[in-house]
Structure formats: C-alpha cells, structure tokens
Amino acid sequence: MTSLHERTATEISRQLRSGELSPTEVTEHYLGRIARLDGELGAFVTVTPEAARGRAADLAAQGPPSAVTDAPLWALPIGDKDLSDRAGVPTGFGSRTFSGAFRYVPEVSSDITQVLDTAGVVSLGKTAAPELGFPSYTETFVGPPARNPWDLTRGAGGSSGGAAVAVAAGLLPVAPGSDGGGSIRIPAAACGLVGLKPTRGLLPAGGGVESLGGLVVHGPIARTAADAALLLEGMLPRTADGHVPHPRTLRTPAAPAGSYLAAAESGETPEGRPLRIGLSTFSSWDGAYDIALGEEAKTALAAGAAALGALGHDVVDAPAWDPDPTYAAAFRTLWMGGAAAVPIDEPERLALLEPLTQWLVERGRAVTARELVEALGALAVFERTMVARVEVYDVLLLPAMAQTQRPIGWYDATDPERNFAQQCEYTPYTSMINVCGLPAITVPTHWTTPDEHAPAGLPMGIQLVGRPGGERTLLAVAAQLEDSLRWPDRQPPVW
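Definitions and limits used
Residues numbered from 1 in each chain as written. Predicted model: local features only at pLDDT ≥ 70, side-chain atom pairs only at ≥ 80, totals over all residues. Heavy atoms only, no water. UniProt positions renumbered as here; feature names shortened; annotations may be inferred. Disulfide = S-S within 2.5 Å. Buried < 20%, exposed > 50% of the residue type's maximum accessible area, 1.4 Å probe, protein only. Helix = DSSP H or I, 4+ residues; strand = E, 2+ residues; numbered from the N terminus. Contact = heavy atoms within 4.5 Å. Expected span 1.5 Å × (residues − 1). Pairing = 2+ DSSP bridges. Right-handed = clockwise from strand over helix to strand, strands pointing away. Phe/Tyr/Trp six-rings, centres within 6.5 Å; stacked < 30°, edge-to-face > 60°. Lys NZ or Arg CZ within 6 Å of the ring centre and 35° of its normal. Core = buried A, V, L, I, M, F, W, Y, C linked by side-chain atoms within 4.5 Å. Axes fitted to C-alpha atoms, helices over the stretch in contact; angles between N-to-C directions. Parallel < 35°, antiparallel > 145°, perpendicular 65-115°, else oblique. Left-handed = near helix turned anticlockwise from the far one by under 90°. Nonpolar A, V, L, I, M, F, W, Y, C, P; charged D, E, K, R; others polar.

Naming follows an unreviewed UniProt entry, where the protein chain appears as Amidase of Sanguibacter inulinus. As its UniProt record puts it under Sequence similarities (unreviewed entry), the protein chain is described as follows: "Belongs to the amidase family."

Enquirer: Is there a simple way to explain the state of the cysteines in this structure?
Expert: A covalent bond between the sulfur atoms of two cysteines is referred to as a disulfide. As enumerated under the stated definition, the model contains zero disulfides in all. Between Cys424, a cysteine without a disulfide, and Cys436, which holds the nearest cysteine sulfur, the sulfur-to-sulfur distance is 16 Å. Taking relative accessible area as the criterion, Cys424 reaches 6% and is therefore assigned buried.

Enquirer: Just checking my understanding: could you explain the side chain of Arg332 for this structure?
Expert: Positionally, Arg332 belongs in helix 10 (residues 327-340). Excluding anything up to four places from it in sequence, Arg332 contacts Tyr289, Trp359, Arg363, Glu417 and Phe420.

Enquirer: How should I be thinking about the environment of Pro90 in this particular structure?
Expert: Assignment of secondary structure puts Pro90 in the loop between strand 2 (77-81) and helix 4 (111-118). Taking the C-alpha atoms as reference, Pro90 lies 40 Å from Leu485; in sequence the two are 395 residues apart. In this structure, Pro90 is in contact with Asp82, Arg103, Tyr104, Val105, Pro106 and Lys126, ignoring residues within four places of it in sequence.

Enquirer: Explain helix 10 here, please?
Expert: Structurally, the α-helix is built with 3.6 residues per turn, so residues lying three or four positions apart point the same way. Given a rise of 1.5 Å per residue, 14 residues ought to cover 20 Å, and the 20 Å separating the end C-alpha atoms of helix 10 matches this to within 8%. Of all 14 residues that make up helix 10, 11 are buried, and the element is covered over most of its length. Where helix 10 is buried, its residues contact helix 12 (355-366), helix 13 (369-390), helix 14 (416-426) and helix 15 (431-436).

Enquirer: Any chance you could explain the pairing of strand 9 (residues 276-279) here in plain terms?
Expert: Successive residues of a regular strand alternate their side chains across the two faces of the sheet. Here four bridges tie strand 9 to strand 10 (residues 314-317), and the two strands are oriented parallel to one another. Bridged to Arg276 within strand 10 is Asp314. As a crossover connection, the stretch from strand 9 through helix 9 (residues 295-310) into strand 10 is right-handed. With three bridges joining them, strand 9 and strand 11 (residues 395-399) adopt parallel strand pairing.

Enquirer: Just checking my understanding: could you explain the packing of aromatic side chains for this structure?
Expert: Two descriptors summarise a pair of aromatic rings, namely the distance from one centre to the other and the angle between the planes of the rings. Taken as a whole and assessed by the stated rule, the structure comprises 17 aromatic pairs. Consider the rings of Phe134 and Trp335, whose centres lie 6.0 Å apart with planes at 80 degrees: the pair is edge-to-face. Remark: Trp335 occurs in helix 10 and Phe134 occurs in the loop between strand 3 (122-127) and strand 4 (147-148); sequence separation between them is 201 residues. You can call Phe134 buried: its relative accessible area is 13%. For Trp335, a relative accessible area of 15% translates into the label buried. Arranged with centres 4.9 Å apart and planes meeting at 80 degrees, the rings of Trp410 and Tyr411 form a pair that is edge-to-face. Site record: aromatic cluster; members linked through ring pairs are Phe134, Trp285, Tyr289, Tyr327, Phe331, Trp335, Trp359, Phe382 and Phe420. Taking NZ or CZ as reference, Arg389 lies 5.2 Å from the ring centre of Phe282, over its face. A cation over an aromatic ring shows up here: Arg406 above the ring of Trp410, its NZ or CZ 4.9 Å from the ring centre.

Enquirer: Got a minute to help me understand the UniProt feature "domain: Amidase" (unreviewed entry) in the protein chain in this structure?
Expert: This chain's UniProt record puts "domain: Amidase" (unreviewed entry) on residues 25-475. Regarding residues 25-475, the helix share stands at 36% and the strand share at 15%, and the terminal C-alpha atoms are separated by 30 Å.

Enquirer: How should I be thinking about the nonpolar core in this particular structure?
Expert: Where a protein is soluble and globular, its nonpolar side chains tend to be buried together. Ranked by size, the top nonpolar core spans 150 residues in total, and within it Leu171, Trp285, Leu396, Leu464, Leu475 and Leu481 carry the most contacts. Considering each element in turn, this core owes the most residues, eight residues, to helix 10.

Enquirer: Teacher, can you tell me more about the packing of helix 8 (residues 259-266) against helix 16 (residues 471-485) here?
Expert: The angle between the axes and the distance between the axes are what describe a pair of packed helices. Two numbers describe how helix 8 lies on helix 16: the axes approach to 7 Å, and their chain directions differ by 25 degrees. Of the possible angle classes, the one that applies to helix 8 and helix 16 is roughly parallel. Like other packed secondary-structure pairs, helix 8 and helix 16 cross with a definite hand, here right-handed. On the side of helix 8, the interface is formed by Ser259, Tyr260, Ala263 and Ala264, while helix 16 contributes Glu471, Arg472, Leu475, Ala476 and Ala479. Of the residues assigned to the contact of helix 8 with helix 16, the class counts are six nonpolar, one polar and two charged.

Structure follows, in structure tokens:
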C-alpha cells in the first residue's frame, strides 16, 4: 500500500468517501509531513493544526454527502494562499506591512475560501505568497523563500509559490492558487506540476471580472490533470439541479457537473477528434525586453510538440505574429494602476514595503485616469487580436517559461526597473493570456540533466492555451500527455 501523499487527490477523495480513509487520518498525515519537511521548503507561512483537526473531526462525524456534487472536495486537505482571507487566521500578504503592529486577522473569509469550505475542504494553513502577490517569484522580507523541491537553491516561482511547493513536495494533495499574470502557471511549471488558469468569468468567486483589467482568476495546482480537474469542480459550486450560481452578468458558462473530471480521467476531448494545435514562441513582451528562449525551454517545447504529434494531433507552426508596440507600456500602466489601490497610506507602513512594491505603488498613484483608460483600451485591442489568433486552432502551444528556474536571490532586490525586466524575461508567455482572459494549462514535458543541486533534474514544461470555455479540452490534452510522458512517476529529492 502506498503512502497517502503518493496517491493522487482523486484516489484519496474516493477512499475518503468510501470510508477506506478517514478525514482525521488524512489530515494527520499531511500535518505530519508539513511538520517534518516544511522547515527547509518554506511552503507555508501559517499552519493551523488544531483548526484542521477540528474540521476533520466534524466532517467525520457528519459523514460524506450522498451526492458527489454536494461536496466534491469532501475532507480533502488544502492550503489557502496567503492573499485570501480565512476568518480567524492571519492574512499576511507576504508583507511586513501586515505583520507585527499591523497584523491583520480577518473576521470574514474571502469568497473563494467560502466556496472551498462549501466543497468540503480541510484547510491546513496559509501557503506562502510574495508581497501583495505582485512578483512572479516567492521571496519576501517577512519570511523564508519558497524553495523549489527539485533544487533547494532555486525558487519556486510566484505568486502561488508556496502552494506549488506544497503540492510538489507532497505536503498537500492539491492547492488553490490565483493568477493575474501567470501566478498559477509559473510556479506549477517551475515545480513540475499541472497549473490551470480558467477562462475569465468561469468561476463565481475569483473569476476575474471583478479585478482591474479582468486579469486575476483563481484556479488549481496539482500533480495530475485529474487532480486539477477535481479541484476545479470544487471551485464551481452548484445547486441541486447542477446550476452554478454566479454573481456576475458577464460570465463563461460552466460545463455540466463532473465533466471536467471526466475529461481529465478519460483523456477524451469534447471535439472527439484529433486537434489542430498551433505551435508558437510569440511573446507580447518581444521588442520591449530581451526575450530569448533558453535551450532547456526549447527542448521542453519540442518534446511537447513531438508528444502531441505522436498522440495523433496535427501540430502546425503558427505565423510569426508581430508584437504589439503598445502592449508593454499598457500592461505596465495597468499593473501599476492595480498597485495604486493597495490599502496602505501611512508613511511608516509604506516605508516597510519592498523596493519593487514601493515602486509599483508610487508609479501607480501617479497614473492619471486618462492614462489608465488608454491602457485598458490598448489591451482590449490586443485581447481581440489575440483571441482571433487562438481561435483558428483548437489549442495554441507555447513555452511555459523562457529559462530554467531562477536561483534564490537572483532577482534584483534594489532596482525595481531591472527586477521587472528580469520577471518579463523569465516568464514572457503568461501575462498576455490574462489580458485575453483565455484558459491555459501548464504541464511538464522535460527534465534537465541531474547535477549536484538537482539530483533528479529540473522540470521544464509547456503551456497550452484554449478557446474561451475550453477547459475540458485542455484537461483532456493534459491527461493524454500525462499518460504518454508519465510525469507523476517522478518525485523531487525531498519526497
């Protein structure tokens, strides 16, 4: 019998419902792994063992609901990203401005937290995030860095870095993340996992419609396509008739209950035929920064294309699209405009922000209304153009990252402009998908040659971008690649 953390989340979920496993048993196993291993990993900023035990005991006393759709994540352990509130648990936002005298303990949980609770989860604590979620790496002034389980000298990406570390190291079976410029896909790719950014408007909580420019959406991080689909099902609360109640008039229709998991478990796409897949290395940052696809990233992209071709799909080269000269300035304006709304005004607190965040806030508060409107307009044009490019294919295939995982401390801690450029050069293929609101999934396709720091090699992957509402297609294709490439069979040294 395999240890609990070696089983998939879907296996654990079914064994919990059948009574083969108890909520308390599963909770204690993962709490034990966190206690033993997280000291060197930095996946969690807060662990809540007593609350988790109490929740597990309550669920055990109630027993699982008869209908899977009533609580699709019943008794499954997760960690809340430390940008989301859980009532009674400190939210630190990865920042000194919410610690010490400024400690924040919410009385009400965030919407996404409430949705996950309704789905039946047991929260074990809060997973690490960078300051206020802005950087694409998880190294803060307030705690240890989130270290990559495949090589502890390298970072795990961000902003859902702690969540990815926890799943990759077997501290959690799955974890929710949020993604405003790649913050699910970047750490998932860095840690050899599946990371899904849903279509804008799909989720009723954290669907992106409420965020500036529609950038930020919530989604799953998991070891397998089916596990990612299971967590996605839990993020889609349903009424007895299968309807997903949604607080927005602008939304993406959800597929029937269980259909995301079915697609990931069967590998059968809704199209029911070989797919036309466009292969591209286009980046919206081309021309603005020194964007160069590294050799390991090229190898991962080629491996993904070859595997998809071997599966019977028609992989064709997409045109060499010209970069939009307005994108870089418009996105920077939007990103800084979002930082302007950070609820910190006291000079002594602003002084505690990291240099990158201070720069974003200061620049953002200098942005005029006209500049922000013009940036939103430019990005709306880019969205229309990019959606039209993607829609001629069933799936667009892009690199996940341009480089191997960056070493801890690699990002410039004092020069914000250089820091921002470094982030764009490491991850130039993700933010444009947030601007477009399209669904995208990252999966590993290649491991680098082992060395003294990474004795099992480093995972490198690809990004698959779908049409609006195309999550089932992406999950099914990811499942096909998983069957072919067998990445769940690989474990990092800390495993």
